[in-house]
Amino acid sequence: MFLSEADFATVVRSTPLISIDLIVENERGEFLVGRRNNRPAQGYWFVPGGRVQKDETLSSAFGRLTLNELGKAFTLDEGRFYGVWQHFYDDNFSGSDFSTHYIVLGFRLTVKEGELQLPTEQHNDYRWLLPDALVENDKVHDNSRAYFLEERKREVPGL
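Here the structure is a predicted model, which means the values were calculated and not measured.

S.K.: Can you help me understand the overall build of the protein in this one?
M.R.: Scanning the protein from N- to C-terminus turns up five helices and seven strands. Helices and strands in the protein line up, N terminus first, as α-β-β-β-β-α-β-β-β-α-α-α. Rg of the C-alpha trace for the protein: 15 Å, near the compact-globule value of 15 Å for 159 residues, within the 12% margin. Looking at the protein as a whole, 46% of its 159 residues are labelled buried. Long-range contacts, defined as pairs at least 24 residues apart, comprise 69% of the intrachain contacts of the protein with a sequence gap of at least 6. In the form shown here, the protein has an accessible surface area of approximately 8,700 Å², with 48% of it arising from carbon and sulfur atoms. Side-chain charges of the protein comprise 18 positive and 25 negative groups, with the mean position of each set lying 1 Å from the other.

Have a look at this one:
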């Protein structure tokens with residue numbers, strides 16, 4: 001189901017969005033981040049992911065998002081659940097007149113880097129970084145760094 005921009009703005013202004021973040025690891029133990037083209041977090045390096053759509057199962061959303069974000073569809077069973085996270089942003093897809101709030105389902109996914117065909121719609125560049133380099137890079141958004149910080153993992157039940 002697709003909403004008009006005005007209807008989507010009402011949703012973002014009024015309620016949290018549900019999304020899936022993909023914490024993608026290659027054969028060398030590096031993790032994928034892309035520089036975001038769009039708000040929120042525009043210009044920051046961020047893990048791939050996206051919103052779950054209304055009436056879409058998590059399994060379907062995972063397949064759609066991996067295909068759209070990685071260029072290859074993966075099944076939910078190929079991912080490993082990595083907890084429920086919260087992301088807060090001062091801006092939104094259309095500007096800075098209201099905030100954005102996500103409830104994020106994190107999933108770890110191990111891939112063969114050469115099998116991916118990374119698209120440029122959401123990210124204009126990609127990098128594979130080791131966890132220490134990812135955490136130390138101030139251009140990696142805090143919400144993506146959180147997946148690699150022990151103190152932030154302790155905030156998430158079950159991790």
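S.K.: Honestly, the UniProt feature "short sequence motif: Nudix box" (unreviewed entry) in the protein in this entry has me stumped. Any pointers?
M.R.: In the numbering adopted here, UniProt assigns the feature "short sequence motif: Nudix box" (unreviewed entry) to residues 50-71. With 59% helix and 9% strand, residues 50-71 has its two end C-alpha atoms placed 14 Å apart.

S.K.: Please explain the pairing of strand 1 (residues 17-25) as it appears in this structure.
M.R.: Two faces make up the sheet, and in a regular strand the side chains alternate between them. With seven of nine residues buried, strand 1 is to be regarded as a mostly interior element. Pairing analysis gives nine bridges linking strand 1 to strand 6 (residues 100-110), with the strands arranged parallel. Its bridge partner being in strand 6, I23 is matched across the sheet by R108. Note: strand 1 against strand 4 (residues 49-51), three bridges, orientation antiparallel. Paired with D21 across the two strands is G49, which belongs to strand 4.

S.K.: I'm lost on the environment of T66 in this one. Help?
M.R.: Tracing the chain through its elements places T66 in helix 2 (residues 58-70). Along the sequence, T66 and V24 sit 42 residues apart, while their C-alpha atoms lie 10 Å from each other. Dropping the residues within four chain positions of it, T66 is found in contact with L22, G71, K72, A73, F74 and L109. There is a polar contact of 3.1 Å between the side chain of T66 and the backbone oxygen of G63.

S.K.: Could you clarify how one ought to interpret helix 2 in this entry?
M.R.: Structurally, the α-helix is built with 3.6 residues per turn, so residues lying three or four positions apart point the same way. Taking 1.5 Å of rise per residue, the 13 residues of helix 2 would be expected to cover 18 Å, and the 17 Å separating its terminal C-alpha atoms lies within 8% of that figure. For helix 2, every residue scored as buried is listed here: A61, F62, G63, L65, T66, E69 and L70. Tucked into the core, helix 2 has its buried residues touching strand 1, strand 2 (31-36), strand 4, strand 6 and strand 7 (123-129). Positive phi shows up at G71, right after helix 2, with a value of about 80 degrees.

What counts and what doesn't
- Residues numbered from 1 in each chain as written.
- Predicted model: local features only at pLDDT ≥ 70, side-chain atom pairs only at ≥ 80, totals over all residues.
- Heavy atoms only, no water.
- Helix = DSSP H or I, 4+ residues; strand = E, 2+ residues; numbered from the N terminus.
- Rg over C-alpha atoms; globule rule 2.2 N^0.38 Å.
- Buried < 20%, exposed > 50% of the residue type's maximum accessible area, 1.4 Å probe, protein only.
- Contact = heavy atoms within 4.5 Å.
- Areas by Shrake-Rupley, 256 points an atom, 1.4 Å probe, with all protein chains shown as cover.
- Lys, Arg positive; Asp, Glu negative; His and termini not counted.
- Charge placed at Lys NZ, Arg CZ, Asp CG, Glu CD.
- UniProt positions renumbered as here; feature names shortened; annotations may be inferred.
- Pairing = 2+ DSSP bridges.
- Polar contact = N/O pair within 3.5 Å; in protein donor to acceptor, adjacent residues only side chain to side chain.
- Expected span 1.5 Å × (residues − 1).

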